[in-house]
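Survey of secondary and tertiary structure
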Number of protein chains: 2
Amino acid sequence: MKGGGYYSRRTRGAKDAIDGASGMLMEAVAALPAPNPGQPVRVADFGAADGGTSKKAMHDTVAAIRARFPQSQVVVTYTDLPSNDYSALFKNMLGLAEEPELSYLTKLTGVFVHACGVGFHRQLFPDASLDLGFSATAMHYLSEKPCEITTHVHMVGANGEERAAFARRAEADWINILLARARELRPGGRLVFLNFGIDEQGRYLGHTGEANMFDTYDRLWRALRDEGRITAEEYVRATFAQFYRTKEEFAAPMLPGGIAYQAGLRLLSARTGLVKCPYRRAFEDAKGAMSAKEFAASYVPTLRSWSETVFANALDPARPADERAHIVDDFYRSYEDVVAADPHRHGMDYVHCYLAIEKVG
Amino acid sequence: MKGGGYYSRRTRGAKDAIDGASGMLMEAVAALPAPNPGQPVRVADFGAADGGTSKKAMHDTVAAIRARFPQSQVVVTYTDLPSNDYSALFKNMLGLAEEPELSYLTKLTGVFVHACGVGFHRQLFPDASLDLGFSATAMHYLSEKPCEITTHVHMVGANGEERAAFARRAEADWINILLARARELRPGGRLVFLNFGIDEQGRYLGHTGEANMFDTYDRLWRALRDEGRITAEEYVRATFAQFYRTKEEFAAPMLPGGIAYQAGLRLLSARTGLVKCPYRRAFEDAKGAMSAKEFAASYVPTLRSWSETVFANALDPARPADERAHIVDDFYRSYEDVVAADPHRHGMDYVHCYLAIEKVG
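Keep in mind that this is a model prediction, so the values were computed, not measured. All residue numbers here refer to positions counted from 1 along the written sequence of the relevant chain. Chain labels run from A onward and ligand labels from 1 onward, assigned in the order the entries are written. Residues qualify for local features only when their pLDDT is at least 70, as the model is predicted, and side-chain atom pairs are given and counted only at 80 or more; totals for whole chains, interfaces and linings, by contrast, use all residues. No hydrogens and no water enter the side-chain calculation; it runs on all heavy atoms of the structure.

What follows deals with the overall build of chain A. Numbering goes from the N terminus for both helices and strands, where a helix is a DSSP run of H or I of at least four residues and a strand is a run of E of at least two. When you go through chain A residue by residue, the secondary structure sums to 13 helices and eight strands. Radius of gyration means the value over C-alpha atoms here, while the globule rule gives 2.2 Å times the residue count to the 0.38 power. Its C-alpha atoms give chain A a radius of gyration of 21 Å, near enough to 21 Å, the size a compact globule of 361 residues would have. Its C-alpha atoms put chain A at 70 × 45 × 40 Å along the principal axes. Only protein chains enter the calculation, and the probe is 1.4 Å; a residue is then buried if its accessible area is under 20% of its type maximum, exposed if over 50%, and partly exposed in between. The proportion of buried residues among the 361 residues of chain A is 53%. Of the accessible surface of chain A, which amounts to about 14,300 Å², a share of 52% is contributed by carbon and sulfur atoms. Using a 1.4 Å probe, the Shrake-Rupley method yields the accessible areas, and only the shown protein chains count as cover for residues.

Dropping the structure here:
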């Protein structure tokens, strides 16, 4: 295990974003209809990874449910892709990882934890069986890339038909996600979702006023192509299977007459929120005690942690593995150099759209 | 992936044992009380690993439930330890592994698959929420070793107080397992369990008349000690955290007045069954076309697959890793030599105890 400070800072931003939804979770718990006699309250965390960033929020949610319905047991089911590390999830839940004091599974009675390794674009629970669904920073992942983006690495920089293809895929995915949840929810059940999005000022993850993170990715990846380190195909294949929706795009299927509205979903609230980059904040708080190089070395690994597979998988598998590893290493080293040369322009602020949704009977 | 033949033979014995319980599963499905309106039928497979060996049985069980209660959806939850490979499980269920034609999750509608990574010695489901619990070849694992066995590697060769300590731990574990299931089951719900055990003739896994597998393990591990390759402590630490119960030991808590009987469990049937070793059978069927050495080389790896951690973990961690690996390699090589020298005395027949249990209201 890396030291606690590393762990905390790496997940701090995602945790801060989730903590910004804790009030919404408490409101949802307060509004839940009473479970039928003998039935548990069923909660889901969609796209939960190892359950680490939502641990505090889930702990407080389960405690609030147990307090409100002392006679009812609680089942929390964490969902993610088949490839997720469910062993890490269950060790975390059993108090065998960081922050065991938040392990409600071992602390509270009448609580059970399950997992589902099927993507959330499909229905994962029986009809009308779910009381409360939560999801944080997960639903920007598309079910598949509709095409490669030939002029950028991410839809935020895409144009024309490519951008439109991503928008169509994102719209269809979001409708599938909502219709699946509409089937799963009991009447009166609630959803609390926070997803990466584009806010009213056009801001999004890593693009909140100064250097644009995705443009930097694209510029440095493109430079490898222009230098002849990678091929034109390898440049193009680095396309994130993601879409950042606006508040309006999130809301659309739940407007009166919309397909999710017809399925019984009611949008109770929608707002965007910004959480400052914890690495950038630590650099600023250090007031000169941290060098630009140190900041770059602390900051870029967190970008690498979630973006590396996109660039690594874009490389021709016919290249020897160590050659591919070197290219990827050089790519992130060049990102560190860019940050170290002008540190005050860099940071990965989080921009989320927070949604509260009710299922009506 | 190794070739299909390797996979099939390696799991054939466990599958044959489970297929021997398919009639019991069909009887259990036929006897289930109808689910309450709008409620799914909930099934659990306790100690399921990657869901491979029970895939056919679960496919047929779910299909029978869907046929009997067409209005009811089905949730199958696979349980195992936190360290289990749940990614393999979900890929298997999604038809991304062997035998995709048995992937009822993708073939049938209204079916959901979940997992639970908490050991089955604890309650894993809400009270009265489970309709049918299945378990194959899993509950011989104890919650912990009560002590090391100083004169053998397995309880089948233990004596005196050590054997008694294992028996006490096994009795307490079995009661915990049954009481947890009694809480989970709906009235009228069923359990179908097949567990390694000792039959009426004193036979058990790898001890059905000729060479005794656990005695061979012990003799060869002891030889390493006598040669000075391993220490006395390392000899002793090789102790399987397992207990093979007799039919009487399985039945005891469910006899009238017993603690599981009082909790509502009724033993409907209990019988022992023997499944022949598929490697030994292939050797015999080859009628001389397979050499003794080839048989040994095909047979010992299956023993190694589930026993290796016991011997590897018995070695002093202060030894360099490659030294430990060499000792373990030599140990299994010596087992191969023993088999090759006298092949007709070796084989790992399976001995199970099959239990059908009902929860009364």
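Quick look at unusual backbone geometry now. Residues and elements named next belong to chain B. Residues other than glycine seldom take positive phi values, yet Glu99 does so here, at roughly 50 degrees. Tracing the backbone through its elements, the reader meets Glu99 in the loop between helix H4 (86–93) and helix H5 (104–107). We classify Glu99 as partly exposed; its relative accessible area is 24%. A positive phi angle is found at Thr137, which is not glycine, with a value near 55 degrees. Relative to the helices and strands, Thr137 is located in the loop between strand S4 (130–136) and helix H6 (160–184).

As a further point, take the relation of the copies chain A and chain B. To superpose the copies, least squares is applied to the C-alpha atoms of every residue with a pLDDT of at least 70 in both. Least-squares fitting of chain A to chain B yields an RMSD of 0.1 Å, with the superposition described by an axial translation of 0.1 Å and a rotation of 180 degrees. Both copies are brought into coincidence by an operation consistent with a two-fold rotation axis. Nearest to the rotation axis, the C-alpha of Ala115(A) is located 2.5 Å from it, this being the minimum over chain A. By definition in these notes, contact holds between two residues if any of their heavy atoms fall within 4.5 Å. A share of 100% of the interface residues of chain A reappears at the interface of chain B, consistent with the copies meeting face to face through the same patch.

Let us look at the packing of aromatic side chains. Stacked, tilted and edge-to-face are the three classes assigned to paired rings of Phe, Tyr and Trp, where Trp is represented by its six-membered ring and a pair needs centres within 6.5 Å; plane angles under 30 degrees give stacked, over 60 edge-to-face, the rest tilted. Applying the stated criterion across every chain, the model contains 55 aromatic pairs over all chains. On the numbers, 5.9 Å between centres and 80 degrees between planes, the contact of Phe240(B) with Phe311(B) is edge-to-face. Of this pair, Phe240(B) sits in the loop between helix H8 (232–237) and strand S6 (245–246) while Phe311(B) sits in helix H12 (residues 292–314), placing them 71 residues apart in sequence. By relative accessible area, Phe311(B) is classed as buried at 0%. Here Phe311(B) and Phe331(B) contribute two aromatic rings whose centre-to-centre distance is 4.4 Å and whose plane-to-plane angle is 45 degrees, an arrangement assigned as tilted. Here the residue Phe311(B) occupies a position in helix H12, and Phe331(B) occupies one in helix H13 (residues 321–341), the gap between them amounting to 20 residues. The two residues Phe311(B) and Phe331(B) agree in class, both being buried. Two thresholds decide whether a charge sits over a ring: the Lys NZ or Arg CZ must be within 6 Å of the ring centre and within 35 degrees of the ring normal. The ring of Tyr235(A) has Arg225(A) sitting right over it, with the charged end atom 4.7 Å from the ring centre. Positioned above the aromatic ring of Tyr354(B), the side-chain terminus of Arg271(B) is 4.2 Å from the ring centre.

Attention now goes to helix H13 (residues 321–341) of chain A. Residue and element names in this part refer to chain A. In this analysis, the expected span of each helix is defined as 1.5 Å times one less than the number of residues it contains. Across its 21 residues, H13 extends 30 Å between first and last C-alpha, which sits within 8% of the 30 Å expected from 1.5 Å per residue. Residues of H13 that are buried: Ile327, Val328, Phe331, Tyr332, Tyr335 and Val339. End-on view of H13: buried residues confined to an arc of 120 degrees, all on one side of the axis. Exposed and oriented more than 90 degrees from the buried face of H13 are Asp322, Asp337 and Ala341. Think of it as the arc spanned by the lines of direction from the helix axis to the C-beta atoms.

Turning our attention to the pattern of salt bridges. Residues and elements named next belong to chain B. Any Lys or Arg side-chain nitrogen located within 4 Å of an Asp or Glu carboxyl oxygen qualifies as a salt bridge. One pass over the full model with this rule turns up 44 salt bridges over all chains. We note a salt bridge from Arg222 to Asp218, for which the minimum N-O separation is 3.1 Å. In this pair, Arg222 and Asp218 both sit in helix H7 (residues 213–226), four residues apart, roughly one turn of the helix. Residue classification places Arg222 among the partly exposed positions, given a relative accessible area of 26%. The class of Asp218 is buried, set by a relative accessible area of 6%.

Between chain A and chain B, the residue contacts involve 30 residues of the former and 30 residues of the latter. Buried area: the sum, over both parts, of the accessible surface (1.4 Å probe) that disappears when the two are put together. Roughly 2,400 Å² is buried in total at the junction of chain A and chain B, and carbon and sulfur atoms are behind 59% of that figure. Along the contact surface separating chain A from chain B lie zero salt bridges. Pairing of N or O atoms within 3.5 Å defines a polar contact, subject to two protein rules: one partner must be a possible hydrogen donor and the other a possible acceptor, and residues neighboring in sequence count only if both atoms are side-chain atoms. Where chain A packs against chain B, one counts nine residue pairs in polar contact (both at pLDDT 80 or more). Elements supplying a minimum of two residues to the side of chain A that touches chain B: strand S2 (74–79), helix H4 (86–93) and strand S3 (111–116) of chain A. The element that contributes the greatest number of residues to the side of chain A that touches chain B is S3(A), accounting for five residues.

All names here are of chain A. With 97% of its residues at a pLDDT of 70 or more, chain A shows a mean pLDDT of 95. Taken together, the stretch residues 1–7 has pLDDT below 50 and engages in four contacts with residues farther than four places along the chain or on a different chain. For this predicted complex, the interface confidence score (ipTM) comes to 0.94, while the overall pTM stands at 0.95. One number per residue, pLDDT, summarises how confident the predictor is, and it ranges from 0 to 100.

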